[in-house]
Amino acid sequence: MRNLVILGGGTAGTMVANKLQKRLRGHGWTITVVDRDDEHHYQPGYLFVPFGGYTRDQIVRSRHHFVAEGVRLVYDEIDRVSPVDRTVHLGSGRTLSYDFLVIATGTAPRPDQTPGVLGPEWRRSIFDFYTLEGAESLAAAFEEFDHGRLVVHISEMPIKCPVAPLEFTFLVDAWLRRRGIRDRVQLAYVTPLDGAFTRPVASARLGHMLEERKVDLVSDFMVESVDPDRKVLVSYDEREVPFDLLVTVPVNMGADFVARSGLGDELQHVTVDKHTLLHTAHDNIFAVGDASNVPASKAGSVAHFEADVLVRNLLEHVEGRPMTESFDGHANCFVEAGDHKALLIDFNYDTEPLPGTYPLPVVGPLRLLEETHANHLGKLAFRHVYWNVLLPGRPLPLPTHMSMAGKQSPRTPPIEPVDEPNQEPIAQGGTTS
Amino acid sequence: MTTTTIDGRTVHTNDEGFLTDPTEWDEQVAETLAARIGLELTAEHWRAIRFLRTDYAAQGETATLRRISTVGGFPVKTLFQLFPQKPAKKLAYVAGLPKPQGCV
């Protein structure tokens, strides 16, 4: 009997467990999933909670309900992994030995990493929306908020779902307009990046959307601390941004056991080969989803595409055959724009999000990088797809690798004008960071 | 891919002026690149540049600001003083390395 242990039963861990169970059942393997509790959260749903869009029972389900029969579920904390003797030490003192290990423990917001955030103003005037509790307390605060400076802030990249802070800003703007108080609120978007987003074409398009909504963009802002008394964000180069209500995205870090086990980088993300997903130093440890350090978006779609690659590679690797699958960094995200519209972006390691169409089977082509109602419906429908198709490991009609079909490459003129990104070389005092 | 001439030598750069071949870099190139963005290199600048070059040789990618700070031991505050406004990017530019990928 051989043991495959999967640490983390979230989006990535559940998908991998279910796909592997189908392939390995009856072949002498035991699959064990470890997680601390039995609550599986649909994390993309947090975004809508502050605006009364979703309630807790639409977002939280039982973890065990989505894990295939025959997979062993262990509820415990993870103390550390000992790669030398192939053992996982659990919080309760129990141990699990493994032949192969898959780390899928995600990444988490760490408000403790920025001085002043977890002070007297935490969840009074300083909020996060990447936890259900944070999103719920923000919903309560929004009921009282009717004027002042509302600041949306990213502490440091990478963060999970890197478009969510922009979506949140667009939704705040739409929500304020709906309440008729938009002119009583100053909105600012504060980011360590040099623009609204990371890649040039999307950054220009999304930056333009901030401008249209009269949101001040404060870029290249690396936060050093928050002063809760004066209610200001302070950067390392001593700039200040005042707020009445701050919605911050804290530094994201992988699980603490990753650092204790010597398996991660400086943000505790597991160091793996970005194409095979095998650990850079250990031949029997893989990582998948937000937990890894691959330079792709930390998002459910990425975890889904990675899961396909990981399963095939792992099955080949355990039999001593060369791994033939290569992850290309494929990400596919709906970006809520407010007013029941959304954009769709599709990209990978080498190709930035481009305009054009996305050939989705059955539903029909969706517009890329453009606000449409169809994209918004796609985003809402995704919650059902998540629970019923994605987690059970059923096939989705989406290619694992990104395709250029329907995309307008930057060399061909786009159908609709897209602002040219700022390509000024840094040597001439450009605005890139 | 474009080329630019530095001190009479032709080097390969990307659209933003970053060197695309780290082996075309040397200390004289660094001085010239630094001057182009208004920096005069001190011993402190050089310590950071050398860390970035060494780390790149070992890791195959440019260190992020957090890595320069936690692994290299340079306080972020100092890096902002040495390379104002955009330390990670300016440091990579002067060190003849690709822009740090950090953000996707």
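Everything below is about the structure printed above this text.
Heads up: these notes are all about the structure in this document. If you're wondering where the values come from, they're calculated on a predicted model, not measured in any experiment.

### Here's the deal with the pattern of salt bridges
A side chain with one charge can pair with a side chain of the opposite charge if their charged atoms come near.
Here comes step 1: Within this structure, the stated rule accounts for 39 salt bridges over all chains.
Here comes step 2: Where R50 of chain B meets E27 of chain B, a salt bridge forms, and the shortest distance between an N and an O atom there is 3.3 Å. With a gap of 23 residues between them, R50 of chain B in helix α2 (residues 43–59) and E27 of chain B in helix α1 (residues 27–36) connect regions that are remote in the sequence.
Here comes step 3: One connected set of salt bridges, linked through shared partners, spans D173, R177, R182 and D339 of chain A.

### Remarks on the pairing of strand β19 (residues 251–254) of chain A
Residues and elements named next belong to chain A.
Here comes step 1: Alternating positions in β19 separate into two faces, V251 and M253 on one and N252 and G254 on the other, with burial throughout.
Here comes step 2: Bridging between strand β10 (residues 107–110) and β19 involves 4 bridges; their strand directions are antiparallel. Bridged to T107 within β19 is G254.

### Thoughts on the sheet that holds strand β18 (residues 245–249) of chain A
Residue and element names in this part refer to chain A.
Here comes step 1: The 5 strands lie next to each other as β11-β18-β12-β13-β14, forming an open sheet whose pairing is parallel. The sheet terminates laterally at β11 (126–127) and β14 (215–218), the two strands that pair on one side only.
Here comes step 2: The pairing of strand β13 (residues 185–190) with β14 spans 4 bridges and is classified as parallel. Among the inter-strand pairings, L187 is bridged to a residue of β14, identified as V215.
Here comes step 3: The strands touched by helix α4 (residues 164–178) within the sheet are β12 (148–154), β13, β14 and β18, with β13 carrying the most contacts at an inclination of about 175 degrees.

### Examining the side chain of S125 of chain A
Residues and elements named next belong to chain A.
Here comes step 1: Relative to the elements of secondary structure, S125 occurs in the loop between β10 and β11.
Here comes step 2: Looking at S125, its side chain comes within polar contact range of the side chain of E121, at 2.5 Å.
Here comes step 3: When neighbours within four sequence positions are excluded, S125 is seen to be in contact with K231, F243, D244, L245 and L246.

### Side note on the pairing of strand β6 (residues 78–82) of chain A
Residues and elements named next belong to chain A.
Here comes step 1: When β6 meets strand β7 (residues 87–90), the two strands line up antiparallel, connected through 4 bridges. Among the inter-strand pairings, R80 is bridged to a residue of β7, identified as H89.
Here comes step 2: Where β6 folds back on β7, the antiparallel hairpin that results is connected by 4 residues, among which R86 adopts a positive phi of roughly 50 degrees.

### Some details on the sheet that holds strand β2 (residues 29–35) of chain A
All names here are of chain A.
Here comes step 1: Spatially, 5 strands are ordered β5-β2-β1-β9-β20 in an open sheet, and the strand pairing comes out parallel. The sheet is open, and its two borders are formed by β5 (72–75) and β20 (285–287), each paired with just one other strand. Put simply, the sheet's adjacent strands are angled 20 degrees from each other on average, direction ignored.
Here comes step 2: Lying over the sheet, helix α1 (residues 11–24) contacts β1 (2–7) and β2, oriented at roughly 170 degrees with respect to β2.
Here comes step 3: Along the sheet, helix α7 (residues 300–318) contacts β1, β2, β9 (100–103) and β20; its crossing angle with β9, the most-contacted strand, is approximately 165 degrees.

Cut-off values and rules
- Residues numbered from 1 in each chain as written.
- Chains lettered and ligands numbered in written order.
- Predicted model: local features only at pLDDT ≥ 70, side-chain atom pairs only at ≥ 80, totals over all residues.
- Heavy atoms only, no water.
- Salt bridge = Lys/Arg side-chain N within 4 Å of Asp/Glu carboxyl O.
- Helix = DSSP H or I, 4+ residues; strand = E, 2+ residues; numbered from the N terminus.
- Buried < 20%, exposed > 50% of the residue type's maximum accessible area, 1.4 Å probe, protein only.
- Pairing = 2+ DSSP bridges.
- Contact = heavy atoms within 4.5 Å.
- Axes fitted to C-alpha atoms, helices over the stretch in contact; angles between N-to-C directions.
- Polar contact = N/O pair within 3.5 Å; in protein donor to acceptor, adjacent residues only side chain to side chain.

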